[in-house]
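If you want the building blocks of each chain, they are given just below.
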Amino acid sequence: MFLKKLAQGGLITVEYYKNGVLRTLKGRVRRLNLKDQLVSLMDEKKVLHSIHLSGIKQIH
């Protein structure tokens, strides 16, 4: 289950689908919103990205 990896913190790589395209993002978890089923990741350039949990394919 990938929620355990999201809650651990640290640097992770997430493969996810957005608009039908597989994307990869490397960053740190800033916020995990289970009500809206979103995870917010901050990448190395300090840009905040929101990803739907249903779109996540794999976490490294």
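This text goes with the structure placed above it.
Read on for an overview of the structure.

Calculation criteria
Residues numbered from 1 in each chain as written. Predicted model: local features only at pLDDT ≥ 70, side-chain atom pairs only at ≥ 80, totals over all residues. Heavy atoms only, no water. Helix = DSSP H or I, 4+ residues; strand = E, 2+ residues; numbered from the N terminus. Rg over C-alpha atoms; globule rule 2.2 N^0.38 Å. Contact = heavy atoms within 4.5 Å. Areas by Shrake-Rupley, 256 points an atom, 1.4 Å probe, with all protein chains shown as cover. Buried < 20%, exposed > 50% of the residue type's maximum accessible area, 1.4 Å probe, protein only. Polar contact = N/O pair within 3.5 Å; in protein donor to acceptor, adjacent residues only side chain to side chain. Pairing = 2+ DSSP bridges. Axes fitted to C-alpha atoms, helices over the stretch in contact; angles between N-to-C directions.

A short note on the overall build of the protein chain
- The secondary structure content of the protein chain amounts to one helix and five strands.
- Listing the helices and strands of the protein chain from first to last along the sequence gives α-β-β-β-β-β.
- Computed over the C-alpha atoms, the radius of gyration of the protein chain is 10 Å, within 12% of the 10 Å expected from 2.2 N^0.38 for a compact globule of 60 residues.
- Here the C-alpha coordinates of the protein chain stretch approximately 25 × 25 × 20 Å along the principal axes.
- A separation of at least 24 residues holds for 35% of the contacts in the protein chain among residues at least 6 apart in sequence.
- Accessible surface, the protein chain as shown: approximately 4,400 Å² in total, 49% of it carbon and sulfur.

Description of unusual backbone geometry
- One non-glycine residue with positive phi stands out, namely N19, at about 55°.
- By the secondary structure assignment, N19 is in the loop between strand 1 (11-18) and strand 2 (21-33).
- Even without being a glycine, K46 presents a positive backbone phi close to 65°.
- Relative to the helices and strands, K46 is located in the loop between strand 3 (38-43) and strand 4 (48-52).
- The class of K46 is exposed, set by a relative accessible area of 64%.

Side note on the side chain of E15
- Relative to the assigned elements, E15 resides in strand 1.
- Of note is the side chain of E15, whose polar atom sits 3.2 Å from the side chain of H60.
- Setting aside chain neighbours within four positions, we find E15 in contact with L22, R23, T24, G55, I56, K57, Q58 and H60.

Here we look at the sheet that holds strand 1
- Spatially, 4-3-2-1-5 is the arrangement adopted by the five strands of the open sheet, whose pairing is antiparallel. On the outer flanks of this sheet lie strand 4 and strand 5 (56-59), each paired with one strand and no other. Adjacent strand axes in the sheet meet at a mean angle of 45° when their direction is disregarded.
- The pairing of strand 1 with strand 5 spans three bridges and is antiparallel. Pairing of Y16 across the sheet is with I56, part of strand 5.

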